[in-house]
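Okay, here's what each chain looks like letter by letter:
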Amino acid sequence: MNRIVRKEKLSAEVFRIAVEAPEIAAARKPGQFVIIQLGGDVNERIPLTIADADAGAKTITLVFQAVGESTHRLAALGVGDSIENLLGPLGRPTDIEKYGKVACVGGGIGVAPLYPIAQGMKNAGNEVKVIMGARSRGLIIMEAEMRAVADDVIVVTDDGSYGRKALVTAPLKELCEQWRPDCVVAIGPPVMMKFAALATKPYGIRTIVSLNTIMIDGTGMCGGCRVSVGGRTKFVCVDGPEFDGHQVDWDNMILRLGSYKPQEQEAHHRCHGLMKLNEGEA
Amino acid sequence: MHVSSEELDKLAGDILGRFENAAPSPKERAQIPAQEMPAQDPVERVRNMREVALGYTPSQVRAESLRCLQCRNKPCIQGCPVSIDIPAFIAEAAKGNFARAAEIINESSLLPAICGRVCPQENQCQKYCTLGKMLKDIDKSVAIGRIERFVADYARENRCEKVPHVAAETGMRAAVVGSGPASISAAADLRREGHGVVMFEALHKAGGVLVYGIPEFRLPKAIVRHELDNLKAMGVQIRLNFLVGKTRRISDLMGKDGFDAVFVGSGAGLPKFLNIPGENHVGVFSANEYLTRSNLMKAYDIGAARTPMFASRRVAVFGGGNVAMDSARTAKRLGAGTVTVIYRRTGAEMPARKEEVAHAGEEGVEFMFLHAPLEITADDRGRVSGVKLIECRLGEPDASGRRSPVEIPGSEKHCAYDTVIVAIGNASNPLIKATTEGIDVNRHGNFIVNEETCETTLPGVYAGGDIVLGAATVIQAMGQGRKAAKAMNAYLAAKRQVRA
Ligand SMILES: Cc1cc2nc3c(=O)[nH]c(=O)nc-3n(C[C@H](O)[C@H](O)[C@H](O)COP(=O)(O)OP(=O)(O)OC[C@H]3O[C@@H](n4cnc5c(N)ncnc54)[C@H](O)[C@@H]3O)c2cc1C
Ligand code: SF4
Ligand code: FES
């Protein structure tokens, strides 16, 4: 079960795999995620957003960046290998409706989970513009796919090696000023999402973000994934992963993501979701 | 003073020697000293995860069994949620017929090695024991649980368990949701009737709370695995990584996947929080998270496990039940300097098993009674720095019959901690209810079932264990699993006849 049937390298550290998972492929909707565990007693459980699925071929697509020990182990698996434990689809799907104009903002590897949402928004009859950013040219992923679904794609890099030299928030502000989207979807590193939400706030534009807190079970049993949204505690794995970006307590969430920094540094433990990137990567 | 297993065994041997030729009179039985459970030395055990209670030696179990008065009215049985014939199995144990004793237990219970370890016997069988009453000390009741544990371990280790007979295939199929004690019991009884049984578990390991919640030092995971292996040997299929409601809904299982009936044993997997300021600071954990990291993810195996454990020096645990004891004792083993269990009432009201409270104390866990938390404070990096507490006194008894704590105005204080574990219980996980039409729940979110059959308000769907009872006990979950399976077997038989 859960055999890897395709594997590609999207950039230096980013991989895309297609995995056989018939039930998940049939049930999943954009915005949902899976949790994987590579077997045995000591491997951790890591959440990965479902980037795409093919119900006919009974496969789901996962995109991940090899940053920590577990994602490196995942990257070491090849076509024909299996992911021993794969649970999903988890979380609530994105609220895809006809809003009118939708801006989709993706940072780094956040572009992968953003893709099915952009596609869904387009299919729901929205005009869709995509802003995608990364540290540098080599880390830009899935541009062609995005161009195929979006009405416009704006690419930015931190170092200016490709597209505009800017953070995603710069073109986002311009769109808010000039194009006036009815809804913004932002997925990427927490700091990027925080600033994207801050950028849209003055315009009162509904801003959906997808949170990547620390998780264990993914079923609502442990509460480790909790965040404060609008002053109330929510479990990201069952109440989310998507929330109103203007209501999220970003500072608390970012601090909680750093809960195990001392251990990570000491013992090279990693406990993180798919999208944890170095700050400023988007 | 710590007494070794060898010394205890020798004492028991002396007692047996006295009654080698003539059975003891009732008076003599009552005079046999209650046999102490051999345990790992507290100094040693706080540095390992191995089981604390080592189990009686054969001499000890026989000596303890000789204490049983073989009461004619068998009051202990009324305290047993599954009505094990207690005096009968103890009589066999006293004679050293351990395999026969195990058979007697197995007529009523499916998981004696587990229940012998984790049942709150002092509130069940041992509470009613005549001997305890005679000696005016519940601690001097016959140690029914310890005898049960010995007998079950004996049967497992000596492979003299009977493999349950599975009837000819009926062609009917039952889905069992979850893999905790309720589901294990339901699956076994359904399978015995010859129905095809598939168990669906969300996590990557089966066993429910027995695996992710209760620590190794109290319930070795090899024992749970053995029970699951028995299920597999009977032909029960276990599908891990399958979240019913998300991967497939109950309506899919019944409508599209050909299951004729469903048992839901999804447990009480929704951690309760205190709802006080500061509960999301870094270093505040639900007991479920803390224990799951350690038990399921093996984070206690520091260096090998890839799931980290929070580095703690001063730990506050809120709660007074087994979950609180397990959390506190785990924290101790993971190297915390001080661990304090903070409880709003007094020791007398603590719902934890007596033995766990005693073990925790021996291991250096501290207790602060009659204190309630008001706020969790943090340093400038958002990490827990302490807890603001208020003193309480006991007021009038509440609905549960326990005296409820009343806060004493002006008694606020601040105590320094770097970790807070919230162990105040679990509510029902709402996932299945939210994704299944037709299942009614009460105001706590517990499934409403027919008391006789455990059938929910959705025909063909049965439920038992914590999802029905709220956070309860292993033995109650097992009892409900069996009750439901009995009704399901009748339901499936009737359905099969209609089909034929
Ligand atoms: C830390 C702790 C210590 C305890 N100590 C004791 C003790 O000493 N003595 C005692 O008698 N009791 C104790 N209890 C209580 C006891 O463990 C429970 O009452 C008992 O396990 C309940 O059994 P269950 O079968 O109903 O559910 P659980 O054991 O909770 O199992 C439910 C299973 O269902 C799975 N599940 C949930 N939803 C789904 C879904 N939608 N799809 C698929 N799978 C799903 C869960 O992952 C879980 O594995 C303790 C509980 C805890 C948490
Ligand atoms: S009540 Fe106690 S003494 Fe009497 S039969 Fe039961 S265990 Fe034995
Ligand atoms: S990951 Fe455990 S509750 Fe969300």
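Just so you know, these numbers come straight off a predicted model, no measurement behind them.

1. Describing the domain arrangement of chain A
Residue and element names in this part refer to chain A.
Here comes step 1: Each assigned domain of chain A is listed here: domain 1 (2-90) and domain 2 (101-210).
Here comes step 2: Summarising the inter-unit geometry, the C-alpha centres of domain 1 and domain 2 are found 24 Å apart.
Here comes step 3: Of the residues lining the interface, 15 residues belong to domain 1; the matching set on domain 2 comes to 11 residues.
Here comes step 4: Both sides together, the interface formed by domain 1 and domain 2 hides about 1,000 Å², and carbon and sulfur atoms give 65% of it.
Here comes step 5: The tally of links from domain 1 across to domain 2 stands at one salt bridge.

2. A look at the packing of aromatic side chains
Here comes step 1: For the structure shown, the criterion picks out 12 aromatic pairs over all chains.
Here comes step 2: Taken together, a centroid distance of 6.4 Å and an interplanar angle of 25° make the contact between F150 of chain B and Y154 of chain B stacked. One end of the pair, F150 of chain B, and the other, Y154 of chain B, are both in helix α11 (residues 144-157), four residues apart, so they sit about a helical turn from each other.
Here comes step 3: One aromatic cluster in this structure is built from Y260 of chain A together with F285, Y290 and F310 of chain B.
Here comes step 4: The ring of F259 of chain B has R173 of chain B lying over it, and the distance from NZ or CZ to the ring centre is 4.1 Å.
Here comes step 5: Here the basic side chain of R333 of chain B rests over the ring of F217 of chain B, its NZ or CZ set 3.9 Å away from the ring centre.

3. Side note on the site of ligand 2
Here comes step 1: Around ligand 2 sit C68, L69, C71, P75, C76, P87, C129, T130, V142 and I144 of chain B, and those are all the residues in its vicinity.
Here comes step 2: Classifying every residue of the shell around ligand 2 gives nine nonpolar, one polar and no charged.

4. Let's talk about the interface of chain B and chain A
Here comes step 1: Chain B puts 44 residues into the contact, and the matching count from chain A is 47 residues.
Here comes step 2: Carbon and sulfur atoms make up 53% of the surface buried where chain B meets chain A, a total of about 3,800 Å² over both sides.
Here comes step 3: Looking at the side of chain B facing chain A, the largest losses of area belong to K246, N280 and R306 of chain B, adding up to 23% of the total buried there.
Here comes step 4: Counting the contacts that link chain B with chain A gives three salt bridges.
Here comes step 5: A salt bridge links E23 of chain A to R239 of chain B, with the shortest nitrogen-to-oxygen separation between them at 2.8 Å.
Here comes step 6: The tally of links from chain B across to chain A stands at 22 residue pairs in polar contact (both at pLDDT 80 or more).
Here comes step 7: For the side of chain B that touches chain A, the elements supplying multiple residues, two or more each, are β5 (270-271), β6 (284-286) and α16 (287-295) of chain B.

5. With respect to the domain arrangement of chain B
Residue and element names in this part refer to chain B.
Here comes step 1: Along its sequence, chain B is carved into domain 1 (5-39 + 46-157), domain 2 (173-268 + 428-499) and domain 3 (271-426).
Here comes step 2: A separation of 31 Å is found between the C-alpha centroids of domain 2 and domain 3.
Here comes step 3: Carbon and sulfur atoms supply 56% of the area that domain 2 and domain 3 bury against each other, a total of about 1,300 Å² over both sides.
Here comes step 4: Looking at the side of domain 2 facing domain 3, the largest losses of area belong to Y212, F217 and R218, adding up to 47% of the total buried there.
Here comes step 5: On inspection of domain 2 and its partner domain 3, the count reaches two salt bridges.
Here comes step 6: The shortest N-O distance in the salt bridge between E356 and R218 comes to 3.5 Å.
Here comes step 7: At the junction of domain 2 and domain 3, the tally comes to four residue pairs in polar contact (both at pLDDT 80 or more).

The rules we used
Residues numbered from 1 in each chain as written. Chains lettered and ligands numbered in written order. Predicted model: local features only at pLDDT ≥ 70, side-chain atom pairs only at ≥ 80, totals over all residues. Heavy atoms only, no water. Domains from an automatic or database assignment. Contact = heavy atoms within 4.5 Å. Buried area = accessible area lost by both parts, 1.4 Å probe. Salt bridge = Lys/Arg side-chain N within 4 Å of Asp/Glu carboxyl O. Phe/Tyr/Trp six-rings, centres within 6.5 Å; stacked < 30°, edge-to-face > 60°. Helix = DSSP H or I, 4+ residues; strand = E, 2+ residues; numbered from the N terminus. Lys NZ or Arg CZ within 6 Å of the ring centre and 35° of its normal. Near = heavy atom within 4 Å. Nonpolar A, V, L, I, M, F, W, Y, C, P; charged D, E, K, R; others polar. Polar contact = N/O pair within 3.5 Å; in protein donor to acceptor, adjacent residues only side chain to side chain.

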